[in-house]
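A structural walkthrough
What follows is each chain in one-letter form.
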Amino acid sequence: MNHHITLLAALLTSAPLAADTLPDRQTELPAVAKKANTDYLTPRPLTAIPDTEFGRKVKYGYSLFVDSQQMRGRYVGNEQNCVNCHMQAGMKANAAPLWAAYTAYPAYRKKNDKVNTYGERIQGCFNYSMNGVPPGDSSPELVALSAYAYWLTMSGLLNKYGLPEMPVPELSDAELILGGKREDFVLPAEIAADFPVSERGNLAGRGYPKLPSPAQEPSIARGAQVYKTTCAVCHANDGQGIKGADGAQYFPPLWGKDAFNWGAGMHRINTAAYFIYENMPLGKSVQLTEQQAWDVAAYMNSHERPQDPRYRGDLDANDQRYHKHQGYYGDAIDGHKLGSRAYPTATIEPQPGT
Ligand code: HEC
Ligand code: HEC
């Protein structure tokens, strides 16, 4: 068996992941400063998705991505949609676009010799950002979400390399969830030569661009002021966002029971500051000063939210083990230790067969 087939076989036969393996799925991205190169991949319009069995998976993935609430109670445990943090249907550069993520997996982690497939990275967002239970490796949902990301990436690459007429090659479900950072990933020769495996995690526009360290220590008090004047109009004074008359959440909650949980990447002050600086307030991004972005990120993340799903009854132990980064989990703020009155993690039972 060659190396890749071994990898594939190992992935397909792997047992459901134990709680201990959860952190591997939510590794902090190596944030880099915004690149001068703004030659971002431009996927084909969604209307170009073919009406084939494969195309229908892609369209289903799009629909799950923008309206994740259709998975509420099954895989999603809060009021979030993937698109809330991966904006413009996952296409916005510098808002962790899918077209820059797909070719960054499978990502190998030297530390424990584990491999994180694209599907496993998505599963991490279900555990933490969606405060839910991830769909299984061969579930239609995981395949569809992977197919959508693949289609954005491959159509963008074909266009970039002057192959706008070439249809996006179809992949099997098992290949789709792996991601494109592998030697046996199907790419036309001219693209493969210019886009070696070693470069595939480095596309301009990936993730949320890193900001320099703040001049002053982030301040929750100053952040509260920024929040009031710049954010509350959409996310509400109490951080719960705004619902429409139909009960649908139009502006997402930033903390509280329906927000991302204490294990999500967005609870880190730095990740939130990068996201906010680049993407908020909606429609007027890059309007805050860097210091304001750090301050408001600190304010947002000084509130209780659903518990970190890795919590096993001992807050300090969980803090020690998983929270060695910029966040307030386990810290006392105004006499309240964050995480000690967290909201429940997903109140959904794992689905049979997932
Ligand atoms: C609350 C915000 C939030 C929501 C909602 C969310 N994500 Fe994420 N996602 C993040 C953050 C933060 C990261 C990691 C960024 C970092 O570490 O810099 C991330 C990373 C990712 C990555 C890897 C990106 C890369 O370049 O490696 C993928 C893929 C992804 N998310 C898919 C999804 C999917 C699919 C959903 C819905 C099921 C979803 N996300 C929901 C915030 C979110
Ligand atoms: C004009 C309305 C508006 C304003 C003002 C605004 N936001 Fe948002 N925000 C949104 C919407 C809408 C989304 C979801 C984006 C989407 O789905 O495309 C969002 C998403 C977010 C997210 C993603 C995380 C999540 O849990 O969904 C964060 C964090 C955030 N906003 C923080 C802020 C901060 C901090 C400010 C003030 C500096 C701010 N926003 C100002 C409308 C707004």
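Residue positions within a chain follow its written sequence, with the count starting from 1. Starting at A for chains and at 1 for ligands, labels are handed out in the order in which the entities are written. Selection of residues for local features in this predicted model requires a pLDDT of at least 70, selection of side-chain atom pairs for listing and counting requires 80 or more, and totals for whole chains, interfaces and linings are taken over all residues. Computation of side-chain values: all heavy atoms of the structure, hydrogens and water removed.

The name an unreviewed UniProt entry assigns to the chain is C-type cytochrome, from the organism Photobacterium atrarenae.

1. Examining the side chain of S302
Put simply, DSSP marks the helices as runs of H or I at least four residues long and the strands as runs of E at least two long, and each gets a number from the N terminus on. Relative to the helices and strands, S302 is located in the loop between α11 (290-300) and α12 (315-322). Classification of S302 by relative accessible area gives buried; the value is 12%. In what follows, residue pairs with any heavy atoms lying within 4.5 Å of each other are defined as contacts. Not counting residues up to four positions away in its chain, the partners in contact with S302 are I220, Y328 and L338. For the exposure calls, accessible area comes from a 1.4 Å probe over protein chains only, and a residue counts as buried if that area is under 20% of its type's maximum, exposed if over 50%, partly exposed in between.

2. With respect to the pattern of salt bridges
Basic side-chain nitrogens of Lys or Arg form a salt bridge, by our definition, when they fall within 4 Å of a carboxyl oxygen of Asp or Glu. Enumeration according to the criterion identifies 11 salt bridges in this entry. Two residues, E79 and K243, come together in a salt bridge whose shortest N-O distance is 3.3 Å. One end of the pair, E79, is in the loop between α2 (53-66) and α3 (87-90); the other, K243, is in strand β3 (residues 242-243), and 164 residues separate them in sequence. By relative accessible area, which is 11% here, E79 ends up buried. According to the relative accessible area criterion, K243 is partly exposed, its value standing at 44%. Here R222 makes a salt bridge to D295, at a shortest N to O gap of 2.8 Å. Linking R222 in helix α9 (residues 220-235) with D295 in helix α11, this pair joins segments that are 73 residues apart in sequence. Within the structure, one salt-bridge network assembled from shared partners comprises R72, E79, K243, K257 and D258.

3. Structural notes on the nonpolar core
Proteins that are soluble and globular tend to have nonpolar side chains buried together. Throughout, nonpolar core names a set of buried Ala, Val, Leu, Ile, Met, Phe, Trp, Tyr and Cys residues whose side chains join them through atoms within 4.5 Å. Core analysis: the largest hydrophobic core is formed by 47 residues, its most contacted members being Y102, Y118, F126, Y150 and L176. Going through the elements one at a time, α2, α4 (98-101), α5 (118-127) and α6 (140-160) are the ones with two or more residues in this core. Top element by residues in this core is α6. It accounts for 13 residues. When sequence neighbours within four positions are dropped, the list of residues in contact with Y118 reads L98, A101, Y102, Y105, L145, S146, A149, I177, L178 and G179. If you look at the next biggest cluster of nonpolar residues, it comprises 37 residues, including Y208, L211, L254 and I269.

4. Here we look at the site of ligand 2
The nearness test applies per residue and asks whether one of its heavy atoms lies within 4 Å of the molecule or strand. Taken together, 22 residues are adjacent to ligand 2, and Q80, C231, C234, H235 and M280 come closest. Polar contacts here mean pairs of N or O atoms no more than 3.5 Å apart (in protein, one a potential hydrogen donor and the other a potential acceptor; neighbouring residues in sequence count only if both atoms are side-chain atoms). Contact distances for ligand 2 include 3.4 Å between an oxygen atom and a backbone N or O atom of V83. Where the shell around ligand 2 is concerned, the elements lending two or more residues are α9, α10 (269-279) and α11. Looking at the shell around ligand 2 element by element, the count peaks at 5 residues for α9. Classifying every residue of the shell around ligand 2 gives 18 nonpolar, 4 polar and no charged. When residues are grouped by polarity, Ala, Val, Leu, Ile, Met, Phe, Trp, Tyr, Cys and Pro land in nonpolar, Asp, Glu, Lys and Arg in charged, and all others, Gly among them, in polar.

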